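As a plain string of letters, each chain reads:
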Amino acid sequence: MHTYTAAVEVDDLAVAYGKVTALDGLGLRVEAGTVFGLLGPNGAGKTTLVKVLATLLAPARGTARVMGHDVVRDPFAVRLRIGLAGQFAAVDEVLTGRENLEMVGRLYRLPRAEARRRAQDILERFDLADAADRRAGTYSGGMRRRLDLAASLTGRPPLLLLDEPTTGLDPRSRQELWAILDELRSAGTTILLTTQYLEEADRLAQRIAVIDAGAVIAEGTPAELKSGTGTDVLRVRLQDPSAIGAAEPLLADLAAAGTTVAADKPAGELTVRVVRPDASAEALRRLDAHGLGVATIQLTQPSLDDVFLALTGHTATASATPEEPR
Ligand code: ATP
């Protein structure tokens, strides 16, 4: 038997739509049993990568393997091992939830009784049992998304490809979906998901690749990506806001190269991007030596938003409207 630890291995992948280069030398590796987040702005190439992995699109260059099977040479082996659920739920609105799932089961060539049993099982697991015999066209957005995800699991695939699974969902439906994905991963399913939500990648993924213009520009655990910006944020609030002018120069040389101390005068608060691990202790020591009382002091890691901004020069949200220069 073929042994592998990588559920997905992609090397030097290139895809073009006519003159538009969608992927350009993209490489990544997803370990089996993990959640891997593909993070990137609109048009970065996330959906294109998912399509290649789902054998729906052939690459112009490079290789992609799913559970050891090449997507071009062995597409049938790949299709048996993946579930695909997308931004636009592929449910048939005329059929009931149950009929949708049974149909997918039949497409997987399951015997009728087994397809029926799996449909019931999945409907219960996804909290859709009460609505099982209603037409999917009457479902809410969250229910539809759950049904779509449920359908992608009918074949019990070891790898789940999710293209922006929670885009457009309300916060509660999003939380519910996250909980389901946690369960799936605990049960051993590998999940590759694309998202524009940094919070979602942070919450779900063990590793994240940031994609921009068809290539991976950063890859690592959420913590690695955050520490990769090289800076933490130090926030000091003085007991006496009027002392801020005296405090500011004391912290100036703690600021990371190319950054300055930001002063909020009315609040008596100074914010500094720092690189030294002893920055808060050093700040306290200096302020104390000058008799400047500190009300609060806080050292925090940058958010994934900060990471994204540092890497791409634009925020993830602003990138949704790329025509707006920042
Ligand atoms: P989104 O978040 O909008 O889905 P994405 O990161 O998934 O973005 P892709 O959909 O993979 O990005 O698109 C990558 C690039 O390829 C974009 O520039 C896009 O405009 C282009 N593109 C995608 N599909 C086609 C197509 N069928 N024909 C021409 N260009 C395309």
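Cut-off values and rules
- Residues numbered from 1 in each chain as written.
- Predicted model: local features only at pLDDT ≥ 70, side-chain atom pairs only at ≥ 80, totals over all residues.
- Heavy atoms only, no water.
- Helix = DSSP H or I, 4+ residues; strand = E, 2+ residues; numbered from the N terminus.
- Buried < 20%, exposed > 50% of the residue type's maximum accessible area, 1.4 Å probe, protein only.
- Areas by Shrake-Rupley, 256 points an atom, 1.4 Å probe, with all protein chains shown as cover.
- Lys, Arg positive; Asp, Glu negative; His and termini not counted.
- Charge placed at Lys NZ, Arg CZ, Asp CG, Glu CD.
- 1 Å grid on protein atoms, 1.4 Å probe; cavity = no way out; pocket = protein on both sides within 12 Å on 5 of 7 lines; lining within 4 Å.
- Points joined across faces, edges and corners; volume = space filled by probe spheres on them.
- Nonpolar A, V, L, I, M, F, W, Y, C, P; charged D, E, K, R; others polar.
- Domains from an automatic or database assignment.
- Core = buried A, V, L, I, M, F, W, Y, C linked by side-chain atoms within 4.5 Å.
- Contact = heavy atoms within 4.5 Å.
- Near = heavy atom within 4 Å.
- Polar contact = N/O pair within 3.5 Å; in protein donor to acceptor, adjacent residues only side chain to side chain.
- Axes fitted to C-alpha atoms, helices over the stretch in contact; angles between N-to-C directions.
- Parallel < 35°, antiparallel > 145°, perpendicular 65-115°, else oblique.
- Left-handed = near helix turned anticlockwise from the far one by under 90°.
- Pairing = 2+ DSSP bridges.
- pLDDT = per-residue confidence, 0-100.

(A) Up close: the overall build of the chain. Secondary structure summary: the chain contains eleven helices and 14 strands in total. Here the chain holds 326 residues, and the buried ones make up 46% of them. Per element, the accessible surface of the chain, about 15900 Å² overall, is 51% carbon and sulfur. Each charge class in the chain can be summarised by its mean position, and for the 37 positive and 43 negative side chains these summaries are 6 Å apart.

(B) View of empty space enclosed by the protein. In total, this model carries one cavity of 30 Å³ or more according to the counting rule given. Empty space within the largest cavity amounts to approximately 50 Å³. Lining the largest cavity are Ala85, Gly86, Arg145, Asp148, Leu149, Leu162, Pro165 and Leu177. Element by element, the count of residues in the lining of the largest cavity is highest for helix 5 (residues 141–152), at three residues. Residue composition of the lining of the largest cavity, by class: five nonpolar, one polar and two charged.

(C) Summary view of the domain arrangement of the chain. Here the chain is described as being made up of domain 1 (8–223) and domain 2 (231–301). Distance between the C-alpha centres of domain 1 and domain 2: 45 Å.

(D) Highlighting unusual backbone geometry. The backbone phi angle of Asp127 is positive, close to 60°, even though this residue is not glycine. Mapped onto the secondary structure, Asp127 falls in the loop between helix 4 (112–125) and helix 5. Its relative accessible area of 62% is what places Asp127 among the exposed residues. With phi around 50°, Arg156 is a residue other than glycine that occupies positive phi space. Within the secondary structure, Arg156 sits in the loop between helix 5 and strand 7 (159–163). The exposure class assigned to Arg156 is exposed, which follows from its relative accessible area of 52%.

(E) Spotlight on the layout of surface pockets. Taken as a whole, the largest pocket encloses approximately 730 Å³ of empty space. Surrounding the largest pocket, 27 residues form its lining, Gly83, Leu84, Ala85, Tyr108 and Ser152 being those nearest its centre. Elements represented by at least two residues in the lining of the largest pocket include exactly helix 1 (46–53), helix 2 (75–81), strand 6 (82–85), helix 3 (97–107) and helix 5. It is helix 3 that provides the largest number of residues to the lining of the largest pocket, a total of five residues. Here the lining of the largest pocket is built from residues that sort into 17 nonpolar, six polar and four charged.

(F) Region of interest: the nonpolar core. The biggest cluster of nonpolar side chains holds 41 residues, and the ones touching the most others in it are Leu101, Phe126, Leu149, Leu162, Leu181 and Ile191. Look past the residues within four positions of Phe126 in its chain and what remains in contact with it is Arg146, Leu149, Ala150, Leu153 and Ile180. The next biggest cluster of nonpolar side chains, apart from the first, holds 28 residues, and it includes Val8, Leu26, Phe36 and Ala209.

(G) Geometry of the site of the ligand. Contacts to the ligand come from 13 residues, most closely from Asn42, Gly43, Gly45, Thr47 and Thr48. Taking Thr47, its side chain carries an N or O atom lying 2.6 Å from an oxygen atom of the ligand. In terms of residue count, helix 1 provides more of the shell around the ligand than any other element does, three residues in total. Of the residues belonging to the shell around the ligand, the class tally is five nonpolar, six polar and two charged.

(H) Local environment of the packing of helix 5 against helix 6 (residues 171–186). Put simply, helix 5 and helix 6 touch, their axes get as near as 10 Å, and they point 15° apart. Classed by the angle they form, the pair helix 5 and helix 6 counts as roughly parallel. As helix 5 packs across helix 6, the resulting crossing turns out to be right-handed. Contacts between helix 5 and helix 6 involve Gly142, Arg145, Arg146 and Leu149 from the first element and Ser173, Glu176, Leu177, Ile180 and Leu181 from the second. Residues belonging to the contact of helix 5 with helix 6 are distributed by class as follows: four nonpolar, two polar and three charged.

(I) A look at the pairing of strand 8 (residues 190–195). Burial of strand 8 is extensive: six of the six residues sit out of reach of the surface. What you see with strand 8 is no split at all: Thr190, Leu192 and Thr194 on one side and Ile191, Leu193 and Thr195 on the other are buried throughout. With five bridges joining them, strand 3 (residues 35–39) and strand 8 adopt parallel strand pairing. Paired with Val35 across the strands is Ile191, a residue of strand 8.

(J) Main features of the confidence of the model for the chain. The predicted model of the chain has a mean per-residue pLDDT of 87, with 90% of residues at 70 or higher. The low-confidence segment residues 318–326 (pLDDT under 50) makes eight contacts with residues lying over four places distant or belonging to another chain.

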